[in-house]
Amino acid sequence: MMYPYMTLNDDTEITHSEMMADGRVKVYIETPDEKDGFHNATCYLPDYEWENNGYSETEMEYFKSFVRDNAHLMIEFSKEGGFANASNL
């Protein structure tokens, strides 16, 4: 199961999985692109293992920083069924 985390101003969607049996959380980032369709990246927490499909080095540095700054929240929300369940919305 993937849960929405945030939509950025450029329509980039950031989602995360529920916590997997091995304790990892998948973070998926996807941005629409007129030329290529979509760019995407996947990060597995807490190991910060990255897969990049189409983003520049500058874009990846931004996403790596974003995930690093938000990892504790995504990991916590992954245990609670996403942000909506964790916040009782």
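Relevant structure appears above.
Residues numbered from 1 in each chain as written. Predicted model: local features only at pLDDT ≥ 70, side-chain atom pairs only at ≥ 80, totals over all residues. Heavy atoms only, no water.

Enquirer: Would you explain the nonpolar core in this entry?
Expert: In this structure, Tyr5, Ile14, Val27, Ile29, Leu45, Tyr55 and Val67 are the most contacted members of the largest nonpolar core, which totals 17 residues. Mapped onto this core, the elements with two or more residues apiece are strand S3 (25-33), strand S4 (37-45) and helix H1 (57-80). Per-element accounting of this core gives the leading share, seven residues, to H1. (Core = buried A, V, L, I, M, F, W, Y, C linked by side-chain atoms within 4.5 Å. Buried < 20%, exposed > 50% of the residue type's maximum accessible area, 1.4 Å probe, protein only. Helix = DSSP H or I, 4+ residues; strand = E, 2+ residues; numbered from the N terminus.)

Enquirer: Got a minute to help me understand a negative patch on the surface in this structure?
Expert: A contiguous patch of negative charge, built from Asp10, Asp11, Glu13 and Glu59, is present on the exposed surface. Tracing the backbone shows Glu13 in strand S2 (residues 13-17). Judged by relative accessible area, Glu13 falls into the partly exposed class, the value being 33%. (Patch = residues over 30% accessible without salt bridge, like charges linked within 9 Å, V, L, I, M, F, W, Y side chains within 5 Å. Areas by Shrake-Rupley, 256 points an atom, 1.4 Å probe, with all protein chains shown as cover. Salt bridge = Lys/Arg side-chain N within 4 Å of Asp/Glu carboxyl O. Lys, Arg positive; Asp, Glu negative; His and termini not counted. Charge placed at Lys NZ, Arg CZ, Asp CG, Glu CD.)

Just distances and angles here, no functional claims.
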